[in-house]
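Coordinates in review
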Amino acid sequence: MGRSRGGFSSKIHITVDGLGHALRFLLSPGQAHDINKAEELVKGFAFQRVIADRGYAAQPFVDSLLEKGIEVVIPPHQRAKEQREYDKWWYRERQLVECFINKIKHFRRVFSRYEKLDRSYLGFLHFVGALIWLR
């Protein structure tokens, strides 16, 4: 677990498919930036576009996706020198990730994080993802 202003914390990074089912879970310390896990989130998947929030808008990551022929639907940072165009209609589909996060927070063990080890917490996240998928 990472250390942040409020104490120990961690971030959950999630890859979902077009129906909102979880495909991959990753954990990072709470003080770490999102872009550190971006390559791991998309590694090994074949897809047409990546829809993500501004935390994943680093230009090297965007360029690596464009080189692979993947459409990038990530809004640029407000302070970026060159404002990149993105499809606002497709960006609305990012709500699938937000809805999935809302579903996993219905499980008390997820939102209160009783596990001290990342391995245990990640295992429970996979279990919750499977339960949601089977609903």
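Because the structure is predicted, anything quoted here is derived from the model rather than measured. (Residues numbered from 1 in each chain as written. Predicted model: local features only at pLDDT ≥ 70, side-chain atom pairs only at ≥ 80, totals over all residues. Heavy atoms only, no water.)

Here the focus is the nonpolar core. Counting residues in hydrophobic clusters, the biggest one holds 16 residues, and the most contacted among them are Ile14, Phe100, Ile104, Val110, Leu125 and Val128. Residue assignment for this core shows that the elements contributing at least two residues are strand E2 (7–16), strand E3 (22–29), helix H4 (95–104) and helix H6 (118–134). Of the residues forming this core, the biggest block, five residues, is contributed by H6. If we skip the residues at most four places from it in the chain, Ile14 touches Ala22, Arg24, Phe25, Leu41, Phe100, Ile101 and Ile104. Membership of the second largest hydrophobic core comes to 14 residues, among which are Ala38, Leu41, Tyr56 and Phe61. (Core = buried A, V, L, I, M, F, W, Y, C linked by side-chain atoms within 4.5 Å. Buried < 20%, exposed > 50% of the residue type's maximum accessible area, 1.4 Å probe, protein only. Helix = DSSP H or I, 4+ residues; strand = E, 2+ residues; numbered from the N terminus. Contact = heavy atoms within 4.5 Å.)

Right, let's get into the packing of aromatic side chains. Remark: the centre distance and the inter-plane angle together describe each pair of aromatic rings, the angle taken between the planes. Evaluation of the coordinates by the stated rule reveals three aromatic pairs. Between the aromatic rings of Tyr86 and Tyr91, the centroid separation amounts to 5.7 Å while the plane-to-plane angle is 75°, which identifies the pairing as edge-to-face. Here the aromatic rings of Phe124 and Phe127 are separated by 6.0 Å at their centres, their planes lie at 45°, and the arrangement is tilted. Residue Phe124 and its partner Phe127 are located together in helix H6, separated by three residues, close to a single helical turn. Lys88 extends its terminal NZ or CZ atom over the ring of Tyr86, reaching a point 5.4 Å from the ring centre. The lysine or arginine in question, Arg109, covers the ring of Phe124, its NZ or CZ lying 5.5 Å from the ring centre. (Phe/Tyr/Trp six-rings, centres within 6.5 Å; stacked < 30°, edge-to-face > 60°. Lys NZ or Arg CZ within 6 Å of the ring centre and 35° of its normal.)

Right, let's talk about helix H2 (residues 59–67) for a bit. Every buried residue of H2 is accounted for by Phe61, Val62, Ser64 and Leu65. Buried residues of H2, viewed axially, fall in a sector of 160°; they line one side. Turned more than 90 degrees away from the buried face of H2 sit Pro60 and Glu67, all of them exposed. On its buried face, H2 is in contact with helix H1 (38–42), strand E4 (49–51) and strand E5 (71–73). Just beyond H2, the residue with positive phi is Gly69, at close to 80°. (Arc of directions from axis to C-beta.)

Turning to the confidence of the model for the protein chain, a few remarks are in order. Per-residue confidence for the protein chain gives a mean pLDDT of 87, with 94% of residues at or over 70. Of all helices and strands in the protein chain, the one with the weakest mean pLDDT is strand E1 (residues 2–4) (53), whereas E5 scores best (94). (pLDDT = per-residue confidence, 0-100.)

How two helices sit against one another is set out by the angle between their axes and by the gap between those axes. Two elements in contact, H4 and H6, have axes separated by 10 Å at closest approach and are oriented at 105°. The orientation of H4 relative to H6 falls into the category roughly perpendicular. On H6, the residues that touch Phe100, Lys103 and Ile104 of H4 are Leu125, Val128, Gly129 and Ile132. Of the residues assigned to the contact of H4 with H6, the class counts are five nonpolar, one polar and one charged. (Axes fitted to C-alpha atoms, helices over the stretch in contact; angles between N-to-C directions. Parallel < 35°, antiparallel > 145°, perpendicular 65-115°, else oblique. Nonpolar A, V, L, I, M, F, W, Y, C, P; charged D, E, K, R; others polar.)

A word on the environment of Cys99. Inspection of the secondary structure puts Cys99 in helix H4. For Cys99, a relative accessible area of 37% translates into the label partly exposed.

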